[in-house]
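Descriptive analysis of the structure
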Amino acid sequence: MNSKEKVFLDESLKKVYNPTDFREIGHQLVDMLADHLEHVQTDSDSPVIRFKDPEEELSYWKDDMSSETNMMDFYKKILDRSIHVHHPGYMGHQVAVPSVISSLYGLMTDVLSNGTGVYEMGMASNALERIVTEFVAKKIGYDTNASGFLTSGGTLANLTALLAARRAKAPNLVWEEGHQEKLAVLVSEEAHYCIDRAARILGFGKEGIIKVPTNESFQIDVSVLQEHLDQAKQNGLVVIALVGCASSTSTGSYDDLNALANFAEEHNLWFHVDGAHGGGVVFSEKYKHLATGIEKADSVVIDFHKMLLTPSLNTALLFKQSEDSYKTFEQRAQYLWDSQQSREWYNSGKRTFECTKLMMSLKVYAILRMYGEDIFEKNIDRLYDLGRVFAQILKNRAGFELLLMPEANIVNFRYVNLPNKDVNAYNSKIREALLKSGKFYIVQTMIGDQRYLRISIMNPLSTENDFEALLDEIENIAQTF
Ligand SMILES: Cc1ncc(COP(=O)(O)O)c(C=O)c1O
């Protein structure tokens, strides 16, 4: 290009940054979302989901692309065609019902769009990240040697923790030399699938993920750990880590973390706790006993976007020894920081998998600042209490079977008043009919070879009446079979 040529700025690019558009559309959007929140909380007839088949949904949006619509119509369509986690009938996957303040900070962080991995690209965000993670570390029971960071989701956090475990416990430096041994981790058969995935990403192969059976309460069976470890050694594997669930995904069961910590210490294994779902009990006086022993873990994952009122994704990964977290990714990136060796908490990218990272800390900090430190405790207590209430209601109702008294806010049950019918198949049909009715959103799971309906009570505004209404609805559906 000739240096004298003028560079043309298209008017539409100026429009992209128009503050007036931002103000106008933003005000309307906030009003619309506030109406939505009011609506789902007060109008019992509003659906939690208007379910459409995937192909139908796809063709709807393909048509939309070529249609002339204003932005508010578009937002309205998105709202109508999305699941509503603020609805009291939302009892499905473990996604927090986000507090309004954290959602508003979401808007702010998207406007600022700080990359945060490098200090200057997120000064406030990095400082708040340190405050938030130190707060969590203290609640876990760690001392001042601990530290951590925020990352995008439990899946990534578990992978990062196992990378740190490999760095700390593998006999060779895999990061530099590649695999010299066949490495492995010990984990409950009830662990979330992301642990299996992480082990495979780490190059352990399917042999390297040793699934330990669980007892009747779906906790890892501590009594068979030794034989699994011995067998692994005989098979030529080097076991580097033991993973505990706090809690498991399917049933919300807490492993005996104390026993696991002792076993790990005895055998020089890294002890990691996947507390993505239930690690938040560290905030609760009433329920923290479920995770006794968590303070002995080398690393802990806790999702703010599950039990802690924060929009997805927002996860804390904590290390008992801060030093371990800095060793995971020893890599040079000259354009980002001067030396990889120096341990700078404010350059959070040194320790995370991510390079550019969302400004997650603001959302958590905003909740603590606006509602006080005990808001997480109140949410955990309410949701776990409701789990017990739902189980009790279910026990008193003929025709239903409860899998086990829940430890967390996850309850598995099924409808069994189905004479001469396949209970598994018909519980699936019940769940499908519920999805299509849009009145409730629940999920299903397999326990052994049995199909169960599964609820995670995520909405603190759900009540006993909602639970009774859900069970009434299931009975009504069963009548139609
Ligand atoms: C116990 C457990 N670990 C990890 C995950 C994965 O977390 P994320 O969805 O934040 O990646 C889940 C998700 O449900 C979970 O229940």
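Structure: above.
Notes on the structure in this doc start here. (Residues numbered from 1 in each chain as written. Predicted model: local features only at pLDDT ≥ 70, side-chain atom pairs only at ≥ 80, totals over all residues. Heavy atoms only, no water.)

Examining the site of the ligand
Worth spelling out the cut-off: One heavy atom within 4 Å of a molecule or strand is enough for the residue carrying it to be called near that molecule or strand. Under this definition, polar contacts are N or O atom pairs within 3.5 Å; protein pairs additionally need one hydrogen-donor-capable and one acceptor-capable atom, and for neighbouring residues in sequence, both atoms have to be side-chain atoms. Each accessible area is a Shrake-Rupley estimate made with a 1.4 Å probe; only the visible protein chains count as cover when residues are assessed. The way it works is that DSSP assigns letters per residue, a run of H or I at least four long becomes a helix, a run of E at least two long becomes a strand, and they are numbered from the N terminus.
The ligand sits among 14 residues. The nearest are G154, T155, T249, D274 and D303. At 3.3 Å from an oxygen atom of the ligand is found a side-chain nitrogen or oxygen belonging to Q94. Measuring from a nitrogen atom of the ligand, one finds a side-chain N or O atom of D274 at 2.7 Å. In the complex, 87% of the free accessible area of the ligand, which totals 400 Å², lies under the protein chains. Listed by contribution, the elements that provide at least two residues to the shell around the ligand are helix 7 (154-169) and helix 12 (304-307). For the shell around the ligand, the element with the most residues is helix 7, which contributes three residues.

Considering the nonpolar core
Operational definition: Nonpolar cores are built from buried Ala, Val, Leu, Ile, Met, Phe, Trp, Tyr and Cys residues. Side-chain atoms within 4.5 Å join them into one set. Exposure classes here rest on a 1.4 Å probe applied to the protein chains alone. A residue is buried below 20% of its type maximum, exposed above 50%, and partly exposed in between. The domain limits used here are those given by an automatic or database domain assignment. Two residues form a contact once any of their heavy atoms are found within 4.5 Å.
Counting residues in hydrophobic clusters, the biggest one holds 93 residues, and the most contacted among them are L186, F376, F390, F413 and I474. Considering each element in turn, this core owes the most residues, ten residues, to helix 15 (residues 375-395). There are two domains that each give this core at least three residues, and those are domain 1 (114-371) and domain 2 (375-479). Those residues in contact with L186 that lie beyond four places of it in its chain are I210, V212, L225, H228, L229, V239, A241, L242, V243, F263 and L269.

Let's talk about the sheet that holds strand 5 (residues 270-275)
Counted only if it meets this: Whether two strands pair depends on DSSP finding at least two bridges between them. Each axis is a line fitted through C-alpha atoms, and for a helix only the stretch in contact is used; angles between axes span 0 to 180 degrees, taken between their N-to-C directions.
The strand order across the open sheet built from seven strands is 1-7-6-5-4-2-3, with neighbouring strands paired in mixed fashion. Of all the strands in the sheet, just strand 1 (147-151) and strand 3 (209-212) have a single pairing partner and so form its edges. Neighbour to neighbour, the strand axes of the sheet diverge by 20° on average, direction disregarded. Pairing of strand 6 (residues 299-303) with strand 7 (residues 315-319) involves five bridges; the strand directions are antiparallel. Paired with S299 across the bridge in strand 7 is F319. Across the face of the sheet, helix 9 (residues 193-201) comes into contact with strand 2 (182-188), strand 3, strand 4 (237-245) and strand 5 while running at roughly 155° to strand 3. Along the sheet, helix 11 (residues 257-266) contacts strand 2, strand 4 and strand 5; its crossing angle with strand 4, the most-contacted strand, is approximately 160°.

Interpretation note: all reported values are geometric properties and have no functional meaning in isolation.
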